[in-house]
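Chain by chain, the residues run as shown.
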Amino acid sequence: MAVSGTRTPNLGTLLTAMVTPFTDDGVVDYRKAAELAEHLVDNGCDGLVVTGTTGETSTLTDDENVGMFRAVKEAVGDRAVIIAGTGTNDTAHSIQLSRRAEEVGVDGLLIVTPYYNKPSQAGVQAHFEAVADSTGLPVMLYDIPGRSSIEIAPETMIRLAEHPNIVAVKDAKADFAKATRVLRETDLVFYSGDDGLTLEWMALGAVGLVGVTTHVATAKFRALVDAVNAGDLATARTLNFDLEPVVRATMTRAQGAVAAKQILQWQNVLPNSRVRLPLVELSDAEQAIIREDLAEAAWVLG
């Protein structure tokens, strides 16, 4: 029986899956990306995931993805771990983008389960191993069947844990029974992939969170993660309750990138809430509901 976390890769404990800022005319705003990265690290993030799902990677060109890796690495790479979202549903494309990310100097890769194709578990395993074989970077598996339509089965994850470069899991599946088996039988390091389940995941054995709400409540999530790691369950529970309306506002009313960008604009962190189609910005009605959620947390917005 392996003990989870014995590899202890230095990937951080509070990571934000960063949005990708755009100018008003839809061009990637690398300067604002660097400023956002600095803001997040200043407020408590010790890691950033660049151009993952929340970074709208599926509507970025490869050059835009690499530009984001470079901008964020140059801005905060000496203060935080930079993980590049380079997974696609095309193994060869994922390898190519991962190699370009490695050339930029990122610290790790986030590789999502191949989506849309619906491969067998043998195909899932072969995909991840091919990407992990292609670079020397540590790989974080991203298990999110709600988007990929398939899971990474526990048996597959246990086999993948034998690969020296596959070291961590971002779990957005929230099947705690399956995760318990993987935690028990491997030394993969787990991260909550559900903002609202951070406390539950850490109680199970996760080391922290890869989140979206961390854009807008960074310091409070930092305090939550630190409280759990310090064994202060009473403080962690209070923080978890405080964060519930903020998580609800950011993660349940609209797609996470859409809501996060709008709240960041209200906080005067971003100049706009621009997203790329097929995403669209919040309607007036959606904005009103999100403001009501945030009011429950006593937030004052512009």
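Going by what an unreviewed UniProt entry lists, the protein chain is known as 4-hydroxy-tetrahydrodipicolinate synthase and is assigned to Arthrobacter woluwensis. UniProt lists a comment for the protein chain under the heading Catalytic activity (unreviewed entry), and it reads "L-aspartate 4-semialdehyde + pyruvate = (2S,4S)-4-hydroxy-2,3,4,5-tetrahydrodipicolinate + H2O + H(+)".

For the rest of this paragraph, the subject is the UniProt feature "binding site: pyruvate" (unreviewed entry) in the protein chain. Here the UniProt feature "binding site: pyruvate" (unreviewed entry) sits at Thr54 and Val210. For the residues just named, distributed over 157 residues, the greatest C-alpha separation is only 10.9 Å, placing them together at one site. As for the second largest pocket, its lining draws on Thr54 and Val210 from among the annotated residues. Examined against the element boundaries, Thr54 turns out to sit in the loop between strand 2 (47–50) and helix 2 (62–76).

Counting through the fold element by element, Glu64 comes out in helix 2. Judged by relative accessible area, which is 15%, Glu64 ranks as buried. Beyond its immediate sequence surroundings of up to four residues, Glu64 is in contact with Val28, Tyr30, Thr59 and Arg276.

Another aspect to go through is the layout of surface pockets. Within this model, the largest pocket holds a volume of roughly 590 Å³. Lining the largest pocket are 30 residues, with Gly52, Thr53, Thr57, Ser58 and Tyr115 sitting closest to its centre. Those elements giving two or more residues to the lining of the largest pocket turn out to be helix 2, helix 3 (91–104), strand 4 (108–112) and helix 5 (145–148). Counting residues per element, the lining of the largest pocket draws most heavily on strand 4, which supplies three residues.

The next subject is the packing of aromatic side chains. Under the definition given, this model contains two aromatic pairs. Ring centres of Phe190 and Trp201 lie 5.9 Å apart, and the angle between their planes is 25°; on these two criteria the pair is classed as stacked. Of the two residues, Phe190 sits in strand 7 (residues 189–192) while Trp201 sits in helix 8 (residues 198–204), which places them eleven residues apart along the sequence. By the burial criterion, Phe190 is buried, and Trp201 matches it. Taken together, the ring pairs in this structure connect Phe176, Phe190 and Trp201 into an aromatic cluster.

Enumeration according to the criterion identifies 20 salt bridges in this entry. Glu155 serves as the salt-bridge partner of Arg181, at 2.9 Å between the closest nitrogen and oxygen. Highlighted residues: Arg181 in helix 7 (residues 176–185) and Glu155 in helix 6 (residues 154–160), separated in sequence by 26 residues. Judged by its relative accessible area of 39%, Glu155 is partly exposed. Between Glu185 and Arg181 there is a salt bridge, and its shortest N-O distance comes to 3.3 Å. Within this pair, Glu185 and its partner Arg181 are both found in helix 7, separated by four residues, close to a single helical turn. Here Glu185 falls in the partly exposed class, since its relative accessible area comes to 37%. Salt bridges here are not isolated pairs; linked through shared partners, they connect Asp143, Glu151, Lys173, Asp175 and Lys178.

A few words on the confidence of the model for the protein chain. Per-residue confidence for the protein chain gives a mean pLDDT of 95; residues scoring 70 or more make up 96%. Within the model, pLDDT remains below 50 along residues 1–6, and this stretch shows 17 contacts once partners closer than five positions in the same chain are excluded.

What counts as what
- Residues numbered from 1 in each chain as written.
- Predicted model: local features only at pLDDT ≥ 70, side-chain atom pairs only at ≥ 80, totals over all residues.
- Heavy atoms only, no water.
- UniProt positions renumbered as here; feature names shortened; annotations may be inferred.
- 1 Å grid on protein atoms, 1.4 Å probe; cavity = no way out; pocket = protein on both sides within 12 Å on 5 of 7 lines; lining within 4 Å.
- Helix = DSSP H or I, 4+ residues; strand = E, 2+ residues; numbered from the N terminus.
- Buried < 20%, exposed > 50% of the residue type's maximum accessible area, 1.4 Å probe, protein only.
- Contact = heavy atoms within 4.5 Å.
- Points joined across faces, edges and corners; volume = space filled by probe spheres on them.
- Phe/Tyr/Trp six-rings, centres within 6.5 Å; stacked < 30°, edge-to-face > 60°.
- Salt bridge = Lys/Arg side-chain N within 4 Å of Asp/Glu carboxyl O.
- pLDDT = per-residue confidence, 0-100.

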